[in-house]
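Report on the structure
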Amino acid sequence: MRVAVLSDIHANLTALEAVLAAVAPIDAVWHLGDTVGYGPQPNEVVERLTREGAVGVRGNHDSAATGLIDADWFNEDARVAVEWTARVLTPASRAALLALPERRTEDAFTLVHGSPRDPIWEYIASTAVARAALDDLTTPYGLFGHTHDPRVFRAQGGTVETLGPSDQAELQLDDRRVLLNPGSVGQPRDGDPRASALVLDLEARRATWHRVAYDIPAVQARMREVGLPKRLVDRLDRGL
Ligand code: ZN
């Protein structure tokens, strides 16, 4: 069974479509939250994931756009985007986001947006935090997003090893505990503007990262049209 693991799609339908086309054929989609926020097509992305039969979890932007948490925690641009998203979300999209759990288990994997102990807010961006997160896992493997950075943290004896997988990088999963971040579909921040995704082969226990080019100017034009902040528009083609 081939599973596409997608995170931080951030209402970028163009990037999502490009990724789904690039990783086909797949048997399932698992997503790690921040389905909306920043981008111009929140309803279309929620609908596309529903059509795909995707299962997933809720992120901080999804929580803020549906009123579960206060948007005042966000920086100015993110807050403006979240408030715009809240205004345009259809009742069906809102209900779909509100129905998402903060964590879920699929096969041998725990799915969270942030970290197992704080699924909405904590960033796993250092080996110290990864160590705690690996200890908190109740499954052999964990999938997380939130940092927009394709990343592996693997328990290695008493320490934690980290890898930054590039396009087509493969990782064979074994009896070591591991946390995998697919990177961001809709707003990559590792200096590569291409959409980032992960494909899991569950039988072979193999993870493969993919980078996918998409029509960034088309998304930027949509963002300008609906009046999203200029800094959010500009960062897409820098991948930062
Ligand atoms: Zn995000």
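Bear in mind the structure is a predicted one, so any value in this text is a computation, not a measurement.

Looking now at unusual backbone geometry. That bond from Ala-24 to Pro-25 is cis: its omega, 0°, falls within 30 degrees of zero. A positive phi is found at Asp-34, a non-glycine position, where the angle reads about 55°. Turning to its location among the elements, Asp-34 is positioned in the loop between strand 2 (28–31) and helix 2 (42–51). For His-148, which is not a glycine, the phi torsion comes out positive at approximately 60°.

Spatial strand order, 4-5-6-10-7-8: six strands in an open sheet with mixed pairing. A single partner strand is all that each edge strand has here, and the edge strands are strand 4 (103–106) and strand 8 (159–163). Taking each pair of neighbouring strands and ignoring which way they run, the sheet shows an average axis angle of 20°. Relative to strand 10 (residues 178–181), strand 7 (residues 151–156) runs antiparallel, the two being bridged by four bridges. Residue pairing across strands places Arg-154 opposite Val-178, the latter belonging to strand 10.

For the zinc ion, every protein donor is listed as Asp-8 (OD), His-10 (NE2), Asp-34 (OD) and His-148 (NE2), and the spread of their distances is 2.1 to 2.5 Å. Coordination at the zinc ion is irregular, judged from the four donor atoms that bind it and the angles of 86 to 174° they form at the metal. Going along the chain, you hit the donors of the zinc ion in the pattern D-x1-H-x23-D-x113-H. Of this pair, Asp-34 sits in the loop between strand 2 and helix 2 while His-148 sits in the loop between strand 6 (141–143) and strand 7, placing them 114 residues apart in sequence. For the pair formed by Asp-34 and His-148, the shared burial category is buried.

Moving on to helix 2. Those residues of helix 2 not exposed but buried are Pro-42, Asn-43, Val-45, Val-46, Arg-48 and Leu-49. Those residues of helix 2 that are buried are in contact with helix 1 (13–23), strand 2, helix 4 (76–88) and helix 5 (91–98).

Relative to the helices and strands, His-31 resides in strand 2. For His-31, a relative accessible area of 4% translates into the label buried. Here Gly-33 takes part through its backbone nitrogen, which lies 3.3 Å from a polar atom of the side chain of His-31.

Here we take up the sheet that holds strand 9 (residues 170–172). Sheet architecture is open: six strands sit in the order 3-2-1-11-12-9, paired in mixed fashion. Strands at the two margins of the open sheet, each flanked by one partner only, are strand 3 (55–56) and strand 9. Pairing of strand 2 with strand 3, which is carried by two bridges, proceeds in the parallel orientation. Bridge pairing links Trp-30 to Val-55 in strand 3. Set on the sheet, helix 1 makes contact with strand 1 (2–6), strand 2, strand 11 (195–201) and strand 12 (206–212); between it and strand 1 the angle comes to about 160°.

Attention now goes to the packing of aromatic side chains. Counted according to the given criterion, the structure contains four aromatic pairs. Here the aromatic residues Trp-30, Phe-109 and Tyr-141 are joined through ring pairs into a cluster of three or more.

As a further point, take the pairing of strand 4. In terms of strand pairing, strand 4 meets strand 5 (residues 109–112) through four bridges, oriented antiparallel. Note on strand 5: the bridge partner recorded for Glu-106 is Phe-109. Linkage of strand 4 to strand 5, two consecutive antiparallel strands, is achieved through a turn of two residues, within which Asp-107 is found at a positive phi near 55°.

This part is about the packing of helix 1 against helix 2. One way to put it is that helix 1 packs onto helix 2 with a least axis distance of 9 Å and a crossing angle of 25°. On the basis of their axis angle, the class for helix 1 and helix 2 is roughly parallel. In contact with Leu-13, Leu-16, Glu-17 and Leu-20 of helix 1, helix 2 contributes Glu-44, Val-45, Arg-48 and Leu-49. Taken together, the residues of the contact of helix 1 with helix 2 sort by class into five nonpolar, no polar and three charged.

Glancing now at the side chain of Asp-62. Mapped onto the elements, Asp-62 comes out in helix 3 (residues 60–65). Summary of buried charges: Asp-62 has no salt-bridge partner, and the nearest side chain of opposite charge, Arg-58, is 6.7 Å away. At 3.1 Å, the side chain of Asp-62 forms a polar contact with the backbone nitrogen of Val-36. Within the local environment of Asp-62, its side chain forms a polar contact with the backbone nitrogen of Gly-59, the two atoms lying 2.8 Å apart. Not counting residues within four places of it along the chain, the set of residues in contact with Asp-62 comprises Gly-33, Asp-34, Thr-35, Val-36, Val-57 and Leu-97.

Conventions adopted
For every chain, the first residue of the written sequence is number 1, and numbering continues from 1 along that sequence. Where totals are concerned, whole chains, interfaces and linings use all residues; where local detail is concerned, this predicted model gives features only for residues with pLDDT of at least 70, and gives and counts side-chain atom pairs only at 80 or more. Only hydrogens and water are set aside when side-chain values are computed; all heavy atoms of the structure are taken into account. Strands here mean DSSP runs of E at least two residues long; helices mean DSSP runs of H or I at least four residues long; both are numbered from the N terminus. If DSSP finds at least two bridges between two strands, the strands pair. The axes used here are C-alpha line fits, helices contributing only the stretch in contact, and every angle between their N-to-C directions lies in the interval 0 to 180 degrees. Listed donor atoms are N, O and S within 2.8 Å of the metal (Na, K and Ca: 3.2 Å). As water is not included, a site may look incomplete. Geometry assignment treats four donors as tetrahedral when all angles are between 85 and 135 degrees, treats four as square planar and six as octahedral when opposite donors are over 155 degrees apart and all others between 65 and 115, and treats everything else as irregular. Burial here depends on accessible area, computed with a 1.4 Å probe over protein chains only, as a share of the maximum for the residue type. Under 20% is buried, over 50% is exposed, and the range in between is partly exposed. The contact criterion used throughout is that any non-hydrogen atoms of two residues lie within 4.5 Å. Distance and chemistry together define a polar contact, namely a pair of N or O atoms within 3.5 Å, with one atom able to donate a hydrogen and the other to accept it when in protein, and with adjacent residues in sequence counting only for side-chain atoms on both sides. Only centres within 6.5 Å qualify two rings of Phe, Tyr or Trp (six-membered ring in Trp) as a pair; their planes then separate them into stacked at under 30 degrees, edge-to-face at over 60, and tilted for everything else. An angle counts as roughly parallel when it lies under 35 degrees, as roughly antiparallel when it exceeds 145, as roughly perpendicular when it falls between 65 and 115, and as oblique in every other case. When residues are sorted by character, Ala, Val, Leu, Ile, Met, Phe, Trp, Tyr, Cys and Pro go into the nonpolar class, Asp, Glu, Lys and Arg into the charged class, and all the rest, Gly among them, into the polar class. A residue counts as positive if it is Lys or Arg and as negative if it is Asp or Glu; His and the chain ends are not included. The working definition used for a salt bridge is a side-chain nitrogen of Lys or Arg within 4 Å of a carboxyl oxygen of Asp or Glu.

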